Amino acid sequence: MRCTTHVDGTGQSSAAGAQRRRRGASMADVAKLAGVSAQTVSRVSNGFPGVLEETRQQVLVAMKELGYRPNSAARALKRGEFRTIGVILFSLSSTGNMRTLEAVASSAAREGYATTLLPVTAPTRDGVQGAFTRLGELAVDGVVMIMEVHLLDAMTVALPPTAPVVVVDSDAGDRYCVVDTDQASGAGAAVEHLLGLGHGTVRHIAGPKESFAAERRVGAWRAALEAAGREVPPLLRGDWSAESGYAAGLRIAADPGCTAVFVANDQMALGLLRALSEHGRRVPEDVSVVGFDDIPEAASYMPPLTTIHQDFAEVGRRCVDGVLRQIRNDEAEQGTTLVPTSLVVRGSTAAPPPRSR
């Protein structure tokens, strides 16, 4: 079998070029093709002054021809030259997480930035640090971390001090830039709505204990009842799924004294509605139900669900704004920005039955 090798204008064989492309071009490859030193390539790559414009153009042409892309986490995170935002996410199953991710990606796209997603299966120190390392290798300009769990606020994980980072759903605003929904205000509004209808107290189906958002909602539920001088009933917990809401709902359905329930998300509320229906408890005639999130399907529940609306689009916009601001100012930020919630009243809430008033 005859093998033909072609030689390009630089004296290098096309076979050698193909092999180089397969293994990834190095700085030395760029320097050789451009006819300059590796130090010059480095200076051009990092945007340092002192390089003749003609030489800089030679290096840029060589980079483009070889498909060379600097693999420097420090440069990618500091200089903002790759127009890509990395997203570290611990759960793809949560509706809130997915809607936040969608909002971040949409907001980034409007600013001319791509997004690179890196799911982390275990929210541990090693998992987060490994995610930052991998995102650096992918050359991102900044990072949005969508965290459901108490890691940063428990000092379990320390992020790179120079990285433009925005954290969603955490309590670490004294050390990082945090954007979150106003969980406490939303939960308080849900309880106050039910008490205002005349219910004596409000049961609560909470999210998992390790979730920051779930704990914020629990605290606000309890505080609202105490402020009104009402009994604080035993707490029930789920895992955000409709199945867990159904399991908790079976216990609520068996309690004839329960007339109002605030559920920590709409999916668990769906499970509660099923449990109540199976046990002949009518909504809202016998039991009023308020959810949290205002997912698109909430208006199509039977009955349509009264819920707390989260503005995921605004959360995503503020996350991207926070990252870009840090990139442009070359300075990390601290503090928490809360995005307001609103109560959406539909058909699942009403005054309690006369016998319970």
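Refer to the structure presented above.
Treat the numbers as computed from the prediction; the structure is a model and nothing was measured.

Colleague: What is the right way to look at the overall build of the chain in this model?
Modeller: Within the chain, the secondary structure is distributed over 12 helices and 12 strands. Out of the 357 residues belonging to the chain, those deemed buried represent 50%. Within the chain, counting contacts between residues at least 6 apart in sequence, those at least 24 apart form 71% of the total. Just so you have it, the chain exposes about 16700 Å², and 51% of that area is on carbon and sulfur atoms.

Colleague: Help me understand the state of the cysteines in this model?
Modeller: What is meant by a disulfide is a covalent connection between two cysteines, made through their sulfur atoms. By the definition in use, this model includes zero disulfides. Left without a disulfide partner, Cys177 is nearest to the cysteine sulfur of Cys319, which lies 7.9 Å away. Residue classification places Cys319 among the buried positions, given a relative accessible area of 0%.

Colleague: Teacher, can you tell me more about the packing of helix 8 (residues 183-196) against helix 9 (residues 212-227) here?
Modeller: Their axes nearest at 8 Å, the elements helix 8 and helix 9 cross at an angle of 40°. Relative to helix 9, helix 8 is oriented oblique. Between helix 8 and helix 9 the crossing geometry is right-handed. Mapping the contact onto sequence places Gln183, Ala184, Ala187, Gly188, Val191 and Leu195 in helix 8 and Ala213, Arg216, Arg217, Ala220, Trp221, Ala224 and Leu225 in helix 9. Its residues assigned to classes, the contact of helix 8 with helix 9 comprises nine nonpolar, two polar and two charged.

Colleague: Honestly, the side chain of Thr84 in this entry has me stumped. Any pointers?
Modeller: With respect to the helices and strands, Thr84 occurs in strand 1 (residues 84-89). The class of Thr84 is buried, set by a relative accessible area of 9%. Setting aside chain neighbours within four positions, we find Thr84 in contact with Tyr113, Ala114, Thr115, Thr116, Ala139, Val140, Asp141 and Gly142.

Colleague: Just checking my understanding: could you explain the packing of aromatic side chains for this structure?
Modeller: Aromatic ring pairs are reported here in terms of the distance separating the ring centres and the angle at which the planes meet. On inspection of all chains with the given rule, the structure shows one aromatic pair. If you follow Arg217 out to its NZ or CZ, it ends over the ring of Phe292, 3.8 Å from the centre.

Colleague: Just checking my understanding: could you explain the environment of Val218 for this structure?
Modeller: Here Val218 shows up in helix 9. For Val218, a relative accessible area of 4% gives the class buried. Distance in space between the C-alpha atoms of Val218 and Phe262 is 9.9 Å, their sequence separation being 44 residues. Residues contacting Val218, with those up to four places away along its chain left out, are His204, Ala206, Leu235 and Arg237.

Colleague: For this particular structure, what's the right way to read the nonpolar core?
Modeller: Nonpolar side chains tend to gather and get buried jointly when the protein is soluble and globular. With 23 residues, the main nonpolar core has Ile205, Ile252, Val261, Val263, Leu272, Leu276 and Val289 as its most contacted residues. Of all the elements in the fold, those that place two or more residues in this core are helix 10 (242-253), strand 8 (260-263) and helix 11 (266-278). Setting aside residues no more than four positions away along its own chain, Ile252 makes contact with Arg203, Ile205, Leu236, Cys258, Val261, Leu272, Leu276 and Arg281. Judged by nonpolar contacts, the second largest core, of 20 residues, contains Ala108, Val144, Val320 and Leu324.

Colleague: Any chance you could explain unusual backbone geometry here in plain terms?
Modeller: With glycine set apart, most residues show a phi of negative sign, and most peptide bonds adopt trans. Residues Val283 and Pro284 are joined by a peptide bond in cis, for which omega reads 10°. For Pro284, the location among the structural elements is in the loop between helix 11 and strand 9 (288-293). For the bond from Met302 to Pro303, the omega torsion is 0°, close enough to zero to count as cis. Tracing the backbone through its elements, the reader meets Pro303 in the loop between strand 9 and strand 10 (306-309). Phi is positive for Trp240, close to 85°, though the residue is something other than glycine.

Colleague: I would appreciate a short explanation of the pattern of salt bridges in the present structure.
Modeller: Side chains bearing opposite charge may pair, as long as their charged atoms lie close to each other. Counting across every chain of the model gives 10 salt bridges. For Arg346, the salt bridge identified is with Asp294, shortest N-O distance 3.0 Å. Note that Arg346 is positioned in the segment after strand 12 (342-344) and Asp294 in the loop between strand 9 and strand 10, a separation of 52 residues in sequence. Sharing partners across several salt bridges, the network here consists of Glu314, Arg317, Arg318 and Asp321.

Criteria and thresholds
- Residues numbered from 1 in each chain as written.
- Predicted model: local features only at pLDDT ≥ 70, side-chain atom pairs only at ≥ 80, totals over all residues.
- Heavy atoms only, no water.
- Helix = DSSP H or I, 4+ residues; strand = E, 2+ residues; numbered from the N terminus.
- Buried < 20%, exposed > 50% of the residue type's maximum accessible area, 1.4 Å probe, protein only.
- Contact = heavy atoms within 4.5 Å.
- Areas by Shrake-Rupley, 256 points an atom, 1.4 Å probe, with all protein chains shown as cover.
- Disulfide = S-S within 2.5 Å.
- Axes fitted to C-alpha atoms, helices over the stretch in contact; angles between N-to-C directions.
- Parallel < 35°, antiparallel > 145°, perpendicular 65-115°, else oblique.
- Left-handed = near helix turned anticlockwise from the far one by under 90°.
- Nonpolar A, V, L, I, M, F, W, Y, C, P; charged D, E, K, R; others polar.
- Phe/Tyr/Trp six-rings, centres within 6.5 Å; stacked < 30°, edge-to-face > 60°.
- Lys NZ or Arg CZ within 6 Å of the ring centre and 35° of its normal.
- Core = buried A, V, L, I, M, F, W, Y, C linked by side-chain atoms within 4.5 Å.
- Salt bridge = Lys/Arg side-chain N within 4 Å of Asp/Glu carboxyl O.

Functional significance is not addressed by these values, which are geometric in nature.
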